[in-house]
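Remarks on the overall topology
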Amino acid sequence: MNDSARVLVAHQLHKRFKAQEALRGLSLGVAPGELYGLVGPDGAGKTTALRIMAGVMGPDEGYARIAGKDPLSGDPAVRSMLGYMPQQYSLYGDLSVDENLAFFGKMFCLDKATFSAQRERLLHITRLGRFGDRRADALSGGMYKKLALACSLLPKPRVLLLDEPTNGVDPVSRRELWALLFELVEDGMAVVVSTAYMDEAERCHRVGLLHRGQLLMEGAPTRLMAEHGNAATFEDLFLAAVREAA
Amino acid sequence: MRYFIRTVQAVVRKELRQTFRDKRMAAILFIAPVLQLTLLGFAVDMDVDNVPTLVVDQDRSPASRDLLARMLADATFARTQEGDDPDGPMARGEVSVAVVVPRGYSEDVKKGRPAEIQVLIDGTDPVRAQSAMAGVLEFLTQESLHMATARAVAMAQASGRAVEVPMISVVPRVFYNPSLKSPIYMVPGVAAVVLLVVTTVVTAMSIAREKELGTIEQLLVTPMRPVALLLGKIIPFALLGLIAGGLVIAVGTHVFDVPVRGSVLALFLGMLLYLMSTLGTGVFISTVANNQQQAILGSFFFIMPAILLSGFMSPVENMPEWIQLISRLDPARYFVQILRAVLLKGAGVEDLAGPLLALLTFGVGILALGTLRFRKRVA
Ligand SMILES: Nc1ncnc2c1ncn2[C@@H]1O[C@H](COP(=O)(O)OP(=O)(O)OP(=O)(O)O)[C@@H](O)[C@H]1O
Ligand SMILES: [Mg+2]
């Protein structure tokens, strides 16, 4: 795949927090309609990578590009192309579902017609419609994640970055969330998901195994399994790779 | 630009909504100021009256009874106890003053000998002790003077001569606060303190909260400009601050009879500039703090010295030279000065150019610094 086909590019990202090297030359590219899984143990640097790609934080070295543009520039055009769902809680717990959507709708600069159309659509696909008046901090873990996803989808982004979206979510909601992701990808969105669940990683078009700020391997799950023929499961494959690197 | 204004509006609305939804926040903003003002206003009432007084009348004569009755007629001293031993009640804190009229007092007076009256004062609270001492001294001096004059007149009449008793009569006129009531002096200071606490803490907290709860992450990926977020945070608290400030002054004028002699325009101009300083400080603190607790702590690092140096309790002129120099950096000092001048002295904008300009300088400076730091940290 050539670079121009990739709507999201990270090139040689380095990031250091005091003594801790969070990223050590991470490069990856994601094409429209592709679901990319960023897998790695705790502290591997997944969140750091996603935050840099979202333009929330700058890298020490390297760069990220969204459709060829720098997400750090603050250019509204880039920001509107980007949806980002942080790992931590990031919505206003004391505001209701509707109020959160309305507020972020305004922050994303949506006009009234676009906003109400988006709101209808997102409430429908996340099945949050009945909970419009409920405070965000009174939602269950799964519903909260769906609301956060809805907020990040408000500007109809071309690139969606999700940091452990299914962490703390029950299996039913997890399945629903993934079904939703596939729909989005089907429509041509480029999606990056970080996860610690191997069954989720296996469903991605491509996965990258991140370990200590570097990619240990990258590729389609089936291809990776074939290349490292001696692993029984996908999980074994990754555990072996991590052990080898240590 | 239209988008900019819309985002500011959205943040203002959200901020107001959250503030009123959060009972604690609303309490900090509205109930606290009035409560603080009322409590502080009464508590710092430094007028000394109703001092609990013990009288020990060892003479038990009509003269001694008459003397004590007249001394206690004034509101300054209140007879709470009678007894023989002044030490116990004072040690227990039951009385602050004890007046002992020794046996032989009336004899001494009648014979024209110097009569002694013992006054014991609890010096734990120096302000109260001094006032009480002054009260006793004044009363007894007047009393001696009357006795001396009466005696001189009697003697003169007995010898058939006319009397002339020389006297200096002092006619004091106290300006600006003629009844010398301390609440009138204190209320402006309390107002400055209340506004400082309310606006600095609330602003710092509300920005730090976005960081603590992680909502700043979601905000940062929107096309919103950091300055719009900042404006959206400052505008509601400036408004609420103005309302709280107006409330404090209203309570001051209605409950404590604080006059408003000067220009209301100068008052609000001063308040607006002062709010710029306190809000700017709040923004600055929020760039250093990572959570609400740090924001509160940081605010008090600024607030405590700002209050102490503001001259709200004791005049700035009485402080050591170098502290006076530091106090020039204290916005509260200028606001207290402006409030007192407007409320008590009837000053207008033109009389207050100096402090108003100082506030403007500080306000613009700290707001600019806070904004720069804020933009750098979030970008
Ligand atoms: N703001 C920060 N300050 C200091 N160190 C940080 C910061 N953010 C991340 N780190 C460190 O960088 C490393 C990578 O962290 P990161 O959060 O990116 O990992 P992660 O893969 O997302 O882990 P997790 O699965 O726990 O979310 C960790 O060692 C972490 O302690
Ligand atoms: Mg993480």
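What you are looking at is a predicted structure, and each value in this text was computed from that prediction instead of being measured.

Turning our attention to the sheet that holds strand β1 (residues 8–17) of chain A. All names here are of chain A. Read from one edge to the other, the open sheet built from three strands follows the order β2-β1-β4, with strand pairing classed as antiparallel. Two strands bound the open sheet, and with one partner strand each, they are β2 (20–30) and β4 (61–66). Taking each pair of neighbouring strands and ignoring which way they run, the sheet shows an average axis angle of 20°. Of the pairings in the sheet, the one linking β1 to β4 comprises five bridges and is antiparallel in character. Looking at β4, one finds that Val9 is bridged to Arg65.

Residues and elements named next belong to chain A. Summarising the metal site, the magnesium ion (ligand 2) is bound by the protein donors Thr47 (OG1) and Gln87 (OE1), whose distances to it range over 1.8 to 2.1 Å. Of this pair, Thr47 sits in helix α1 (residues 46–54) while Gln87 sits in the loop between β5 (82–85) and α3 (97–107), placing them 40 residues apart in sequence. The exposure class of Thr47 is partly exposed, given its relative accessible area of 26%.

The next point concerns the packing of aromatic side chains. Tallied over the entire structure, the rule returns seven aromatic pairs over all chains. Centroid distance Phe103(A) to Phe104(A): 5.3 Å. Interplanar angle 70°. Geometry classified as edge-to-face. When its relative accessible area of 4% is taken as the criterion, Phe103(A) is described as buried. Here Tyr274(B) and Phe335(B) contribute two aromatic rings whose centre-to-centre distance is 4.2 Å and whose plane-to-plane angle is 10°, an arrangement assigned as stacked. Here Phe335(B) lies in helix α13 (residues 331–345) and Tyr274(B) lies in helix α10 (residues 264–288), a separation of 61 residues in the sequence. Through a chain of ring-to-ring contacts, the aromatic side chains of Tyr92(A), Phe103(A) and Phe104(A) assemble into a single cluster. Between Arg174(A) and the ring centre of Tyr197(A), over which it is positioned, the NZ or CZ distance is 4.1 Å. Looking at Lys14(B), its charged tip hangs above the ring of Phe103(A), at a distance of 5.5 Å from the centre.

Each partner contributes residues to the interface: chain B has 23 residues there, and chain A has 27 residues. For the pairing of chain B and chain A, the buried interface totals around 2,400 Å² over both sides, and the portion due to carbon and sulfur atoms is 59%. The tally of links between chain B and chain A comes to three salt bridges. Between Glu99(A) and Arg21(B) there is a salt bridge whose closest N-O contact spans 2.7 Å. One can count 14 residue pairs in polar contact (both at pLDDT 80 or more) joining chain B with chain A. Breaking the side of chain B that touches chain A down by element, the ones donating at least two residues are α1 (2–21), α7 (182–213) and α8 (215–220) of chain B. Examining the composition of the side of chain B that touches chain A, we find that ten residues originate from one element, α1(B), more than from any other. Among the residues making up the side of chain B that touches chain A, the classes are represented as ten nonpolar, six polar and seven charged.

All names here are of chain A. Taken together, 13 residues form the shell around ligand 1, and within it Gly43, Gly45, Lys46, Thr47 and Thr48 come nearest. In this structure, an oxygen atom belonging to ligand 1 sits 2.8 Å away from a main-chain N or O atom of Gly43. Ala44 has a polar backbone atom sitting 3.2 Å from an oxygen atom of ligand 1. In isolation ligand 1 offers 630 Å² of accessible surface; the protein chains occlude 64% of this area. Those elements that place two or more of their residues in the shell around ligand 1 are β2 and α1. With three residues, the top contributor of residues to the shell around ligand 1 is α1.

All names here are of chain B. Tracing the backbone through its elements, the reader meets Gly252 in helix α9 (residues 226–255). Given a relative accessible area of 0%, Gly252 falls into the buried group. With 59 residues separating them in the primary sequence, Gly252 and Gly311 have C-alpha atoms 18 Å apart. Setting aside its immediate chain neighbours within four residues, Gly252 contacts Leu37, Val187, Asp257 and Val258.

This part takes up unusual backbone geometry. All names here are of chain A. In the Ramachandran plot, Lys156 falls in the positive-phi region, its phi being about 50° despite a non-glycine side chain. Tracing the backbone shows Lys156 in the loop between α5 (141–153) and β6 (159–163). Exposure remark for Lys156: the relative accessible area of 52% places this residue in the exposed category. A positive phi angle, close to 50°, is found at Arg212, a residue other than glycine. For Arg212, the location among the structural elements is in the loop between β8 (206–211) and β9 (214–219).

Quick notes on the rules
Residues numbered from 1 in each chain as written. Chains lettered and ligands numbered in written order. Predicted model: local features only at pLDDT ≥ 70, side-chain atom pairs only at ≥ 80, totals over all residues. Heavy atoms only, no water. Pairing = 2+ DSSP bridges. Helix = DSSP H or I, 4+ residues; strand = E, 2+ residues; numbered from the N terminus. Axes fitted to C-alpha atoms, helices over the stretch in contact; angles between N-to-C directions. Donors = N, O, S within 2.8 Å, 3.2 Å for Na, K, Ca; no water. Buried < 20%, exposed > 50% of the residue type's maximum accessible area, 1.4 Å probe, protein only. Phe/Tyr/Trp six-rings, centres within 6.5 Å; stacked < 30°, edge-to-face > 60°. Lys NZ or Arg CZ within 6 Å of the ring centre and 35° of its normal. Contact = heavy atoms within 4.5 Å. Buried area = accessible area lost by both parts, 1.4 Å probe. Salt bridge = Lys/Arg side-chain N within 4 Å of Asp/Glu carboxyl O. Polar contact = N/O pair within 3.5 Å; in protein donor to acceptor, adjacent residues only side chain to side chain. Nonpolar A, V, L, I, M, F, W, Y, C, P; charged D, E, K, R; others polar. Near = heavy atom within 4 Å. Areas by Shrake-Rupley, 256 points an atom, 1.4 Å probe, with all protein chains shown as cover.

This is a description of form; function is not addressed.
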